[in-house]
Amino acid sequence: MELKENAVQCYLTTDLTYEAVARKFEITNFTLLASWVNHFKIYGEVPISKKRGRRKKLESIASSMTQNPNDSQRIKELEQELRYAQIEVAYLKGLRRLEKNALMNKNQDSSTVSVKPSNSKKS
């Protein structure tokens, strides 16, 4: 962090180019220095280093957290509520499907016109 601050201040207070300041502070990429300077001009501070590497998976984060008994009880309650909601959704979807099928059958019955054959002969 100090290196960034010193390099940005050096660039802003001197007439050195990005390349010269990068060489002076042994920064391998002068465009990186330019992005630090731009960030400083916009936000008034040098950027904080970004974390590198893969993010931890949710399971490893959850297992690393210590749980107290109240948490485990609350989790069980929430799981029961979730199961109930899933059952309710499945029931309502089935009901909607039955209503839709009944409506389609009713529409088909009413739209079908039966034609009666004429048996009478005209003389």
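UniProt, in the comment section headed Sequence similarities (unreviewed entry), describes the protein chain in these words: "Belongs to the IS150/IS1296 orfA family."

Asks: What is the right way to read the packing of helix 1 (residues 2-13) against helix 3 (residues 30-43) from this model?
Replies: Helix packing for two helices is described by the angle between their axes and how far apart those axes are. Interaxial distance between helix 1 and helix 3 falls to 10 Å at its minimum, and their mutual angle equals 80°. The angle between the axes of helix 1 and helix 3 places the two elements in the roughly perpendicular class. The residues of helix 3 that touch helix 1, namely those facing Lys4, Ala7, Val8, Gln9, Tyr11 and Leu12, are Leu33, Trp36, Val37, Phe40 and Lys41. In the contact of helix 1 with helix 3, the residues fall into 8 nonpolar, 1 polar and 2 charged.

Asks: What is the right way to read a nonpolar patch on the surface from this model?
Replies: On the surface, Tyr91, Leu92 and Leu95 cluster together into a nonpolar patch covering about 310 Å² of accessible area. As for its position among the elements, leucine 95 is in helix 5 (residues 69-111). On the basis of relative accessible area, leucine 95 is assigned to the partly exposed category, the value being 34%.

Asks: Where do I start with the pattern of salt bridges in this structure?
Replies: Once the charged atoms of two side chains with opposite charge are near each other, the side chains can pair. Counted under the stated rule, the structure contains 1 salt bridge. The closest approach of N and O atoms between arginine 74 and glutamate 77, which form a salt bridge, is 3.6 Å. Linking arginine 74 with glutamate 77, this pair stays in helix 5, spanning 3 residues, or about one helical turn. Glutamate 77 sits in the partly exposed class, given a relative accessible area of 32%.

Asks: Which parts of the structure should I look at to understand the nonpolar core?
Replies: Across soluble globular proteins, nonpolar side chains show a tendency to be buried alongside one another. Core analysis: the largest hydrophobic core is formed by 11 residues, namely Ala7, Val8, Cys10, Tyr11, Val21, Ala22, Ile27, Leu33, Trp36, Val37 and Val46. Of all the secondary-structure elements, those providing two or more residues to this core are helix 1, helix 2 (18-24) and helix 3. By residue number, the principal contributor to this core is helix 1, which donates 4 residues.

Rules and cut-offs
- Residues numbered from 1 in each chain as written.
- Predicted model: local features only at pLDDT ≥ 70, side-chain atom pairs only at ≥ 80, totals over all residues.
- Heavy atoms only, no water.
- UniProt positions renumbered as here; feature names shortened; annotations may be inferred.
- Axes fitted to C-alpha atoms, helices over the stretch in contact; angles between N-to-C directions.
- Helix = DSSP H or I, 4+ residues; strand = E, 2+ residues; numbered from the N terminus.
- Parallel < 35°, antiparallel > 145°, perpendicular 65-115°, else oblique.
- Contact = heavy atoms within 4.5 Å.
- Nonpolar A, V, L, I, M, F, W, Y, C, P; charged D, E, K, R; others polar.
- Patch = residues over 30% accessible without salt bridge, like charges linked within 9 Å, V, L, I, M, F, W, Y side chains within 5 Å.
- Areas by Shrake-Rupley, 256 points an atom, 1.4 Å probe, with all protein chains shown as cover.
- Salt bridge = Lys/Arg side-chain N within 4 Å of Asp/Glu carboxyl O.
- Buried < 20%, exposed > 50% of the residue type's maximum accessible area, 1.4 Å probe, protein only.
- Core = buried A, V, L, I, M, F, W, Y, C linked by side-chain atoms within 4.5 Å.

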